[in-house]
Structures are given as structure tokens and as C-alpha cells.
Amino acid sequence: MISFTHQAQAAARSNAGFDYLARNPSLEHFTVGFYGGRAQREIEQAGTIMDNTLKSTRVYGYFGVDITRWINLYGILGANQAELDNTPTADTELMYGAGLSLNLLNHFIREPTTIEDAIRINGDLRVIATEADFPRNSVSWQEWTASLRVSLVNFPRGDKRYRPEAIALYGGPAFSYIQSSDIEAKREFGAIGGLEIFIYDSLSLDFNFEYYDKASVFGGLNIRF
């Protein structure tokens, strides 16, 4: 028996930048990121009188582009695995959405300062859509969220080879509305908080939590080109 193996091979690839169609294009208006974590919400479910907890394990990425110097429009694509109390965990489903990131204020604190060097205010508006196929019923929903983050920013002194560019501790109000004919959130207003570490100006690690009636925890990586 004769078998053939087909492989995709790159041929005659040049190492000279001058040989490329797009040579050193500016990508400074683009951002990408990756997040993962666990979300929890108290909900009311259609057809039942008992409250329940909707738990979601999420992994997703985003791609954004600046539409002005302070507004970034981004799209979200990832996976969501949902679970209800006393119900087997649903299969992983697609999660997708879009959002706006708003850089509203950056104010440098005048000397003398102790730890904080600047105050920042950032806003975020987003919508995501997903679903879950439970044994007794299927649930689909869209989640509309908004948050306002007030950050205290410190720029560490010293050799930058051993220190991050900046460290931001933030917190603020949050809003989340679940749009669905199957479930309804018990509480829509809450709080957000977290820590963002700027390894470089273009690379940061973000660890955050949201609290409505239960805590949700996420961590991620942000890259600005």
C-alpha cells in the first residue's frame, strides 16, 4: 500500500524586512488580551420558585482597536461552561461579545507623595452572549455590563530591569443586567476591584474581582501594540 503525507511548508521565506509587502506598519492602535476565571450570580429561573446560583467558568480573548485616542472598541470570543446548583455541569459553549474601553482621566499627584503617583479613571461597557444546555432545559442569555474604575497608580523607582513600569490598585461601581427569557439576576448593582501590573507600558497583568451577591474572580494578560 502506498501512502502520501502532505505537509504545509514555507518556502523561500526572506529574513530581510525590505522584501515584505507591509514593512514595519504602525500597530499602536491595536490591543489583544486573554482572560480566564470563574463568575457567579444569584438568579431566579423561569418556572421555579427557588433561587439558584449560576456559575460560569470562562476563557476568552479579545481584539481591540482605538477609534479615538481614549476609546477602544473590542470584540470578544471564548468559551463558557455553566453550572447550576444540584444540576450536572453543562457542556462548554461558545461565548462572544463586544465592548468599549474608555480612558477618562489621568491626573498626576503633585509632590509630596507617599506611594501614589497618579489617579486614573477608566470605564468599560460590554455585552456578551452565551448559552447552556442543562439536562432539563436549555438556557441562553446576554449579559450587559458597565463599570467605572478609579485607580491609584505607583511608578516604582529604580532599575527597570527588575521593576514593573507601574502598579495600579483599582476599585469602583459595577452594573450587570442579564437579558433572558429563562433566567433573571437577583442583583444588578455591585462593585469591581483589582490589581494591574504594567510589566512594560505595552504589557500588563490584570487580577480582578466583581461582587454582586457572590464574588467572581478573573485574571488576564493585556498587550498593546
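Enquirer: Help me get a handle on the overall build of the protein, residues and values and all.
Expert: Counting its secondary structure elements, the protein contains zero helices and 11 strands. Moving toward the C terminus, one meets the helices and strands of the protein in the order β-β-β-β-β-β-β-β-β-β-β. In terms of overall size, the protein is more extended than a compact globule, its C-alpha atoms giving a radius of gyration of 22 Å where 225 residues would be expected to give roughly 17 Å. Its C-alpha atoms give the protein principal-axis dimensions of roughly 80 × 65 × 30 Å. When the 225 residues of the protein are sorted by exposure, 32% land in the buried category. Counting only contacts in the protein whose residues sit at least 6 apart along the sequence, the fraction spanning at least 24 positions is 55%.

Enquirer: Account for the pairing of strand E2 (residues 51-66), with residues named and values stated.
Expert: The sheet contact formed by strand E1 (residues 30-45) and E2 spans 15 bridges and is antiparallel. The residue of E2 that forms the bridge with Phe34 is Gly61. Alignment of E2 against strand E3 (residues 71-84), held across 13 bridges, turns out to be antiparallel. Within E3, the residue paired with Arg58 across the bridge is Asn80.

Enquirer: Describe the packing of aromatic side chains, and please don't skip the residues or the numbers.
Expert: As enumerated under the stated definition, the model contains five aromatic pairs in all. Here Phe30 and Phe63 contribute two aromatic rings whose centre-to-centre distance is 5.7 Å and whose plane-to-plane angle is 25°, an arrangement assigned as stacked. Taken as a pair, Phe30 in strand E1 and Phe63 in strand E2 lie far apart in primary sequence, 33 residues in all. By relative accessible area, which is 27% here, Phe30 ends up partly exposed. Relative accessible area serves as the criterion here: at 45%, Phe63 is assigned to the partly exposed category. Each ring, one from Phe108 and one from Phe155, has its centre 6.2 Å from the other, and the planes form 35°; the classification is tilted.

Enquirer: Could you give me a rundown of the pattern of salt bridges, with the residues and numbers involved?
Expert: On inspection of all chains with the given rule, the structure shows nine salt bridges. A salt bridge links Arg224 to Asp66; the nearest nitrogen and oxygen atoms lie 2.9 Å apart. Separated by 158 residues along the polypeptide, Arg224 in strand E11 (residues 215-224) and Asp66 in strand E2 bring together distant segments of the chain. When its relative accessible area of 17% is taken as the criterion, Asp66 is described as buried. Of the charged contacts, one joins Asp117 and Arg157 as a salt bridge, the two residues approaching to 2.9 Å between their closest N and O atoms. Placement of Asp117 in the loop between strand E4 (93-108) and strand E5 (118-133) and of Arg157 in the loop between strand E6 (138-154) and strand E7 (166-179) is noted, with a sequence separation of 40 residues between them.

Enquirer: Tell me about the nonpolar core, residues and numbers included.
Expert: Here is a general trend for soluble globular proteins: nonpolar side chains tend to be buried in one another's company. Ile43, Leu54, Ala82, Leu84, Ala90, Ala132, Phe134, Val139, Trp141, Ile178, Ile183 and Ala185 together form the largest nonpolar core, which totals 12 residues. Of all elements in the fold, only E3, E6 and strand E8 (183-185) reach the threshold of two or more residues within this core. Listed in part, the nine residues of the second largest apolar core include Tyr35, Ala39, Tyr60 and Met95.

Enquirer: Report on a nonpolar patch on the surface, specifying residues and quantitative values.
Expert: Among the surface-exposed residues, Ile167, Leu169, Leu195, Leu205 and Phe207 lie close enough to one another that they form a single nonpolar patch of about 400 Å² accessible area. For the nonpolar patch, the secondary-structure elements that each account for two or more residues are E7 and strand E10 (203-211). You can see Phe207 is positioned in strand E10.

Cut-offs and rules
Residues numbered from 1 in each chain as written. Predicted model: local features only at pLDDT ≥ 70, side-chain atom pairs only at ≥ 80, totals over all residues. Heavy atoms only, no water. Helix = DSSP H or I, 4+ residues; strand = E, 2+ residues; numbered from the N terminus. Rg over C-alpha atoms; globule rule 2.2 N^0.38 Å. Buried < 20%, exposed > 50% of the residue type's maximum accessible area, 1.4 Å probe, protein only. Contact = heavy atoms within 4.5 Å. Pairing = 2+ DSSP bridges. Phe/Tyr/Trp six-rings, centres within 6.5 Å; stacked < 30°, edge-to-face > 60°. Salt bridge = Lys/Arg side-chain N within 4 Å of Asp/Glu carboxyl O. Core = buried A, V, L, I, M, F, W, Y, C linked by side-chain atoms within 4.5 Å. Patch = residues over 30% accessible without salt bridge, like charges linked within 9 Å, V, L, I, M, F, W, Y side chains within 5 Å. Areas by Shrake-Rupley, 256 points an atom, 1.4 Å probe, with all protein chains shown as cover.

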